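The chain contents come next:
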Amino acid sequence: MAKEVIVLIKIVDSGLTNDDVVGEVQYLIEDLRDLDGMSQTRFYVVNEIRDSDEIRVGIRFEVSSTENFRSVIKRLRDRLFYNPIETRFLFQFSDLKLQIQTHKAEDLIGLMSAIQSGYLFPPQYNYFLEVEKCIHTHYHLSNVDINNLKLIGQRLGLTQEQAHDLNDEVAGKYKTREEKHNYFEKITFEEFMYFRRMRESYSFASKDRWPMLEELAENLGLPKSEAELIYKHYYKDYNEDIKLKSEQQLAKASQEAESKAKAERQKQAQQAQEWRDQYRSLCREAMTSNIYPSEYDQGRLDQARRLRNISVDEAISIEVEVRDELHGGIQSAAGVDYSRLRNLLHQQAWQEADMETEAVILKALDRDMQPATAATVQRLSAVDVATIDGLWSRYSSGRFGFKAQQQVYRAQQQIQQDDRQRLLDFQQALGWREAPSLLYQGYRPYHDLNFSLEAPQGHLPTWRWSCPSLSDRYKPSLEVIAAVIQHLNGCMLLEAAATPALDPAFPTQLA
Amino acid sequence: MLASAMTTDLEESLSELSLLLYEEDWKAADRLTTDLLLRAVAHSPGNSAIPSREEVQRHRLHLATETLATLPCPLLNALDDCWQSASGGHFGFSAQLQVYADILETVAFDPALRNWSMPHPFFEEVGWLMLFPLRPVGFLKFYSWLDFDLDAPMGHLPALWYWRVPRLASLQMGGFLTGQGACFGDLSRLDAMMLRLSRCHQLGG
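Thresholds applied
Residues numbered from 1 in each chain as written. Chains lettered and ligands numbered in written order. Predicted model: local features only at pLDDT ≥ 70, side-chain atom pairs only at ≥ 80, totals over all residues. Heavy atoms only, no water. Phe/Tyr/Trp six-rings, centres within 6.5 Å; stacked < 30°, edge-to-face > 60°. Helix = DSSP H or I, 4+ residues; strand = E, 2+ residues; numbered from the N terminus. Buried < 20%, exposed > 50% of the residue type's maximum accessible area, 1.4 Å probe, protein only. 1 Å grid on protein atoms, 1.4 Å probe; cavity = no way out; pocket = protein on both sides within 12 Å on 5 of 7 lines; lining within 4 Å. Points joined across faces, edges and corners; volume = space filled by probe spheres on them. Expected span 1.5 Å × (residues − 1). Contact = heavy atoms within 4.5 Å. Pairing = 2+ DSSP bridges. Axes fitted to C-alpha atoms, helices over the stretch in contact; angles between N-to-C directions. Parallel < 35°, antiparallel > 145°, perpendicular 65-115°, else oblique. Left-handed = near helix turned anticlockwise from the far one by under 90°. Nonpolar A, V, L, I, M, F, W, Y, C, P; charged D, E, K, R; others polar. Disulfide = S-S within 2.5 Å. Buried area = accessible area lost by both parts, 1.4 Å probe. Salt bridge = Lys/Arg side-chain N within 4 Å of Asp/Glu carboxyl O. Polar contact = N/O pair within 3.5 Å; in protein donor to acceptor, adjacent residues only side chain to side chain. Patch = residues over 30% accessible without salt bridge, like charges linked within 9 Å, V, L, I, M, F, W, Y side chains within 5 Å. Areas by Shrake-Rupley, 256 points an atom, 1.4 Å probe, with all protein chains shown as cover. Lys, Arg positive; Asp, Glu negative; His and termini not counted. Charge placed at Lys NZ, Arg CZ, Asp CG, Glu CD. Core = buried A, V, L, I, M, F, W, Y, C linked by side-chain atoms within 4.5 Å. pLDDT = per-residue confidence, 0-100.

Brief notes about the packing of aromatic side chains
Right, so step 1: Tallied over the full model, the rule gives 36 aromatic pairs over all chains.
Right, so step 2: For the ring pair Y409 of chain A and F426 of chain A, a centre distance of 5.4 Å and an interplane angle of 85° mean the geometry is edge-to-face. Within this pair, whereas Y409 of chain A is found in helix α15 (residues 402–415), its partner F426 of chain A is found in helix α16 (residues 419–430), the two being separated by 17 residues in sequence.
Right, so step 3: On the basis of relative accessible area, Y409 of chain A is assigned to the buried category, the value being 1%.
Right, so step 4: With centroids separated by 6.0 Å and ring planes inclined at 25°, the aromatic side chains of W26 of chain B and W83 of chain B adopt a geometry described as stacked. Placement of the pair is W26 of chain B in helix α3 (residues 26–42) and W83 of chain B in helix α6 (residues 73–87), with a sequence separation of 57 residues. Considered together, W26 of chain B and W83 of chain B belong to a single accessibility category, that of buried residues.

A short note on the layout of surface pockets
Right, so step 1: Computed from the structure, the largest pocket encloses a volume of approximately 690 Å³.
Right, so step 2: What lines the largest pocket is a set of 27 residues, among which Q351, M355 and R464 of chain A together with A101 and L104 of chain B lie closest to the centre.
Right, so step 3: Of all the secondary-structure elements, those providing two or more residues to the lining of the largest pocket are α13 (350–365) of chain A together with α7 (93–106) and α11 (187–204) of chain B.
Right, so step 4: Element by element, the count of residues in the lining of the largest pocket is highest for α11 of chain B, at eight residues.

Here we look at α16 of chain A
Residues and elements named next belong to chain A.
Right, so step 1: For α16, spanning twelve residues, the distance from its first C-alpha to its last is 16 Å, which sits close to the expected 16 Å at 1.5 Å a residue.
Right, so step 2: Residues of α16 that are buried: R422, L423, L424, D425, F426, Q427 and L430.
Right, so step 3: Buried residues along α16 sit in contact with α15 and α17 (478–491).
Right, so step 4: Just beyond α16, the residue with positive phi is G431, at close to 85°.

Regarding the pairing of strand β4 (residues 87–93) of chain A
Residue and element names in this part refer to chain A.
Right, so step 1: Burial along β4 is one-sided: the face carrying T87, F89, F91 and F93 is buried and the face carrying R88, L90 and Q92 is not.
Right, so step 2: As judged from the seven bridges shared by strand β1 (residues 5–11) and β4, these two strands associate in the antiparallel manner. By the bridge assignment, I11 is partnered in β4 with T87.
Right, so step 3: Taken together, the seven bridges between β4 and strand β5 (residues 96–102) define a ladder with antiparallel strand orientation. Counted as the bridge partner of Q92 is K97 from β5.

A look at the packing of helix α9 (residues 224–287) of chain A against helix α11 (residues 312–327) of chain A
Relative placement of two packed helices is described by the angle separating their axes and the distance separating the axes.
Residue and element names in this part refer to chain A.
Right, so step 1: For the pair α9 and α11, interaxial distance at closest approach is 9 Å and the crossing angle is 50°. Our classification of the angle between α9 and α11 gives oblique. The handedness of the crossing between α9 and α11 is right-handed. In this structure, α9 contributes R276, Y279, R280, C283, R284 and M287 to the contact, and α11 contributes E314, A315, I318, E319, E321, V322, R323, E325, L326 and H327.
Right, so step 2: Its residues assigned to classes, the contact of α9 with α11 shows seven nonpolar, one polar and eight charged.

Here we look at the state of the cysteines
Any covalent bond linking the sulfur atoms of two cysteines counts as a disulfide.
Residues and elements named next belong to chain B.
Right, so step 1: Following the criterion strictly, the structure yields one disulfide over all chains and no others.
Right, so step 2: Two residues share a disulfide in this structure: C73 and C200, whose sulfurs sit 2.1 Å from each other. A torsion of -80° about the S-S bond marks the disulfide between C73 and C200 as left-handed. Placement of C73 in helix α6 and of C200 in helix α11 is noted, with a sequence separation of 127 residues between them.

Digging into the interface of chain B and chain A
Right, so step 1: Counting residues at the interface gives 24 residues for chain B and 19 residues for chain A.
Right, so step 2: With both sides pooled, the region where chain B packs onto chain A buries about 1,600 Å², and carbon together with sulfur makes up 55% of that total.
Right, so step 3: Among the residues chain B hides against chain A, the three largest losses belong to L195, R199 and Q202 of chain B. Together they make up 32% of the total.
Right, so step 4: Connecting chain B to chain A are two salt bridges.
Right, so step 5: Salt-bridge contacts for E358 of chain A lead to R199 of chain B; the nearest nitrogen and oxygen are separated by 2.7 Å.

Things to note about the side chain of S87 of chain B
Residues and elements named next belong to chain B.
Right, so step 1: Structurally, the position occupied by S87 is in helix α6.
Right, so step 2: For S87, a relative accessible area of 9% corresponds to the buried category.
Right, so step 3: From its side chain, S87 meets the backbone nitrogen of F91 in a polar contact 2.9 Å long.

Remarks on a negative patch on the surface
Right, so step 1: Side chains of E161, D165, D168 and E169 of chain A sit close together on the surface and give a patch of like negative charge.
Right, so step 2: Tracing the backbone shows E161 of chain A in helix α6 (residues 160–171).

Structural notes on the nonpolar core
Right, so step 1: W463 of chain A together with L37, F122, W128, W161 and M193 of chain B are the most contacted members of the largest nonpolar core, which totals 104 residues.
Right, so step 2: Residue contacts for W463 of chain A: discarding those within four places in its chain leaves F402, Q405, F426, W432, Y474, I481, V484, I485 and L488 of chain A.

Structural notes on the confidence of the model for chain A
Right, so step 1: Chain-level statistics for chain A give a pLDDT mean of 83 and a share of 92% at 70 or above.
Right, so step 2: Here helix α4 (residues 123–138) of chain A stands out as the element of chain A with the lowest mean pLDDT, 72, in contrast to α13 of chain A, whose mean of 93 is the highest.

Right, here's the structure in full:
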């Protein structure tokens, strides 16, 4: 059963030049292509040799439906009506060929009425188109449709069986909408399953499956919106699955990276600690004999610091730690810098260290450098007292310092009961005072004191920071001495071993 | 400390001192300097009002060893600045401290051996000793005999802070009730002032 009509149109008007004919053919093609349903039609050009030139004289094409054929004829008729050119038309309906040569529009009108009647195409074909139309509008054959088609079939003179076969042919394997739906769903599911497997083995970007499935839906006669819903449902599932999987992968990867980074950090910290320790021992080497490394050692340390990737601040803090460890700490609660005192003591410059001791104590007291009194000396914090004492006793092997003075005083407590006399004896024991005579109190000028390691126990540091004048004589007041001793006892506990056993018969008033 | 003491009154006094110094009225400047020191001492924490000059003179205040040791550093520095800038560093407490410190370093002086013929070298150095034909004697000049002139030795002025002592003390030191003049130098007060100045210097540094 041929469903197509082959149309051949040839311009045969002798009044037209060759160029005119070519132009007309071109217009004709464009005209026909403009028609609804004709845009996909392929137009074959018919050539002919006229005056030794091969030129286009006509076209040949196929028309596959009654509607299209009707509109083609209508257009051809209109053309002839406005532009009567002698034209030869050849229509071939399967075996039947119909040739018309005319320049009058009326000649085509008869053909049109023939088409209108539907008899130009075989009845099966017309019926087939009707069924297709029903299915495309309702997606399955409803009861009404079937009855309607029955009537159409009877009108076209088809038998019941023929009509039924055609119905089946058009409806295809999946007749009802539900079946189509299920089938489409199944295919979509399989498609995505396949896609998933592909994804697992090859990680290529997911390709859009919709155009293919859309075509399937169209062929199945499933409504596009319904198909799209199914597709979207599976697409969503698929996407969520993919997302979940990739998230899991990401989580796993980040966990691995984290543990790796942690191990790396630990390793780095270990390395840094090792480097710091190395640097610390280098510092110790450089500072065993000097408080501050020599210029040469400083250069080496700087190089070592850079090699070990230690920051300047860190290096300084390590140096400070090592220095404090090797040469005594210089902590201060009053914010006083004891490094100069430490330097002087390290150089065994006893007199200068003594003067510096005055400077740091008066600065720590923060009383406009006024000499300390019995009341103000209490303000010297225990930290500062311990630092000053620590430095003095460290560099004098315990000979000098507040603790040494405290011990001397404790010894005096054992032998002298009278408070006033004990304070005088204490000064004498420290070597701050010579034995007094009738006319001579025994106090010497400050610069006559013994600034050497041969000096008596506790001779230094002097308490010049409590004296208003020194050059005439170094003479701290008894009141201040008593207050300082009391303050020292409050700040520093003498070790039991260093303290001579106290006689309970002579309770001390100052301890 | 100075913030409270540096009242408008004190600021005025300091600018008055600068004026006197630039007019080279050394004697008046010396008097004012001593007045300011005495007023600062009398201005104890319990007594908020700064005493007037008349009050200071009426009470016959003087600068004892212990008093000198507690003079406010900012005031000393301010006074010293005035003297130094007016005299090009020739006069002032710093000049005196410099002379004193040089002597402490170079000359071993034993105050126990102090007598007529061995005054402290500082007095000779700053030209405070009464001149005797043969050899220096530990006698200080009358105050009015001092050189109120830039030709005077370095550290010659200010001097009144040292000269003004109670009459009785003057008498005890072998003087004629005329203050520090015409008697033996009191090493304790001199040293106290110098020690105070050096302590104040440490604060500044």
